[in-house]
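# Residue-level structural notes
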Amino acid sequence: DDLVKQTASTDGSMRLHAVAALGRVYATGRSGLGEDMFGERDEPPAVVKRTAAIIEAINQNRDRVKSLLEQIAAHDSDDDARRAAKLALRRERR
């Protein structure tokens, strides 16, 4: 929910990073940054656990995320945020 809220931030940089992160997980099912690979360890750090929970929430709410990305792709005031959303929608894993 925090990540979704940040996609509407008035801070353009924060919004872009939130859209990019949301889109990356939506498109691939993973963060793509490597921190989700540490989940196989016995005691993953809190950040890894949080990242895994975020990835799981995105993957379980794909329709909601897709709708949000479509809205951002069509209406966001920032060109980069629109591009990030469009890229995620094009790269969606099948």
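Attention in this report is confined to the structure presented alongside it. (Residues numbered from 1 in each chain as written. Predicted model: local features only at pLDDT ≥ 70, side-chain atom pairs only at ≥ 80, totals over all residues. Heavy atoms only, no water.)

A separate point is the side chain of Ser 9. Looking at where Ser 9 falls in the secondary structure, it is placed in the loop between helix H1 (2–6) and helix H2 (12–28). A relative accessible area of 16% means that Ser 9 is categorised as buried. At 3.0 Å, the side chain of Ser 9 forms a polar contact with the backbone nitrogen of Asp 11. In this structure Ser 9 touches Met 14 and Arg 15, once residues within four positions along its chain are discounted. (Helix = DSSP H or I, 4+ residues; strand = E, 2+ residues; numbered from the N terminus. Buried < 20%, exposed > 50% of the residue type's maximum accessible area, 1.4 Å probe, protein only. Polar contact = N/O pair within 3.5 Å; in protein donor to acceptor, adjacent residues only side chain to side chain. Contact = heavy atoms within 4.5 Å.)

Moving on: the layout of surface pockets. Roughly 540 Å³ of internal volume is contained in the largest pocket. Leu 3, Leu 22, Ile 54, Ile 55 and Ile 58 are the residues nearest the centre of the largest pocket, which is lined by 23 residues in total. Of all elements in the fold, only H1, H2, helix H3 (46–60) and helix H4 (62–75) reach the threshold of two or more residues within the lining of the largest pocket. Ranked by residues supplied to the lining of the largest pocket, first place goes to H3 with seven residues. Its residues placed into classes, the lining of the largest pocket shows 13 nonpolar, four polar and six charged. (1 Å grid on protein atoms, 1.4 Å probe; cavity = no way out; pocket = protein on both sides within 12 Å on 5 of 7 lines; lining within 4 Å. Points joined across faces, edges and corners; volume = space filled by probe spheres on them. Nonpolar A, V, L, I, M, F, W, Y, C, P; charged D, E, K, R; others polar.)

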